[in-house]
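Residues per chain are reported as follows:
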Amino acid sequence: MGTRLTHTMAYDASLADVSAMLDDASYREEVVTAQGGTDGSVSFEQVGDTVVVVISQLQPSEGIPGFARKFVGDEINLLQREAWTSADHADLEVTIPGKPGQMVGSIDLSEDGGTTTETVDVEITVNIPLVGGKIEKLIADLLRKALRAEEGVGRDYLSR
């Protein structure tokens, strides 16, 4: 059992333009900065017909309640892996190496009338007795905030 989160972001751009944005390392680095991350790195690798994007970053744990901070420490090392099997679909996995939890799901793009919607759908799982559910809900709230920052960067990027 875990906590499910589905979040959509809308862009006034074609699917091809949004896909190209997601394939741009400078855009991905801007997102890390907008989300408050440091020591970010972005890599792209072609594996057969799949493009694998790996984003690594450190996030400060300030503002995280004490019950959760004792599990993650002063910084949170996030490792995000996207496997784009087509221009409009990726399998998504986010882990905190060495910590008992993960987010697994998908990213889907769809275009309608010149507007592209990016839908992130994940299941957040934290395997810690008694407080796991509370931490999952906290992560869901933090992820929503991070995705809103990503959408802002994306809209700015696409308007240039």
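In this report, the structure presented in the accompanying data block is examined. Within every chain, residues take consecutive numbers counted from 1 along the sequence as written. At least 70 in pLDDT is required for a residue's local features to be given in this predicted model, at least 80 for side-chain atom pairs to be given and counted, and no such filter applies to totals for whole chains, interfaces and linings, which use all residues. Hydrogen atoms and water are omitted, and side-chain values are computed over all heavy atoms in the structure.

Note on exposure labels: buried denotes an accessible area under 20% of the residue type's maximum, exposed denotes more than 50%, and partly exposed covers the range between, all computed with a 1.4 Å probe on protein chains only. Only DSSP runs of H or I reaching four residues or more are called helices, and only runs of E reaching two or more are called strands; each is numbered from the N terminus. Listed in full, the buried residues belonging to helix 2 (residues 25-34) are Tyr 27, Arg 28, Val 31 and Val 32. Buried residues of helix 2, seen end-on, are gathered within an arc of 145 degrees and therefore sit on one face of the element. Here a residue-residue contact requires only that any non-hydrogen atoms of the pair lie within 4.5 Å. Its buried side turned inward, helix 2 meets strand 1 (3-11), helix 1 (15-22), strand 2 (38-47), strand 3 (50-60), strand 4 (75-86) and helix 4 (132-159). Taken from the residues just after helix 2, Gly 36 is the one with a positive phi, measuring 85 degrees. Our arc is simply the arc of the directions from the helix axis toward the C-beta atoms.

If you walk across this open sheet you meet the seven strands as 1-7-6-5-4-3-2, and the pairing is antiparallel. Sheet topology places strand 1 and strand 2 at the edges, where each strand pairs with a single neighbour. For this sheet, the mean inter-axis angle between neighbouring strands, taken without regard to orientation, is 15 degrees. Pairing between strands requires that DSSP locate at least two bridges from one strand to the other. As defined by bridge partners, strand 4 adjoins strand 5 (residues 89-95) across seven bridges and the pair is classed as antiparallel. Of the residues in strand 5, the one forming a bridge with Glu 82 is Leu 92. Note on definitions: angles span 0 to 180 degrees between N-to-C directions of axes, and those axes are lines fitted to C-alpha atoms, for helices only across the stretch in contact. In this fold helix 2 packs onto strand 1, strand 2, strand 3 and strand 4, with an angle of close to 145 degrees to the strand it touches most, strand 2.

Let us look at the nonpolar core. Nonpolar core, defined: a set of buried Ala, Val, Leu, Ile, Met, Phe, Trp, Tyr and Cys residues in which side-chain atoms within 4.5 Å join the residues together. Core analysis: the largest hydrophobic core is formed by 40 residues, its most contacted members being Tyr 27 and Val 122. Ranked by residues supplied to this core, first place goes to helix 4 with eight residues. In contact with Tyr 27, other than residues within four places in its own chain, are Tyr 11, Met 21, Leu 22, Glu 150, Val 153, Gly 154 and Tyr 157.

On to the side chain of Ser 61. Within the element layout of this structure, Ser 61 appears in the loop between strand 3 and helix 3 (66-72). One polar contact links the side chain of Ser 61 to the main-chain carbonyl oxygen of Asp 74, over a distance of 3.0 Å. In contact with Ser 61, not counting residues within four places along its chain, are Arg 69, Val 72, Gly 73, Asp 74, Glu 75 and Ile 76. N or O atoms within 3.5 Å of each other form a polar contact, as long as, within protein, one can give a hydrogen and the other can take it, and as long as residues adjacent in sequence are counted only when both atoms are side-chain atoms.

The subject of this paragraph is the environment of Ala 16. One can find Ala 16 in helix 1. A relative accessible area of 52% means that Ala 16 is categorised as exposed. Taking the C-alpha atoms as reference points, Ala 16 and Asn 77, separated by 61 residues in sequence, lie 31 Å from one another.

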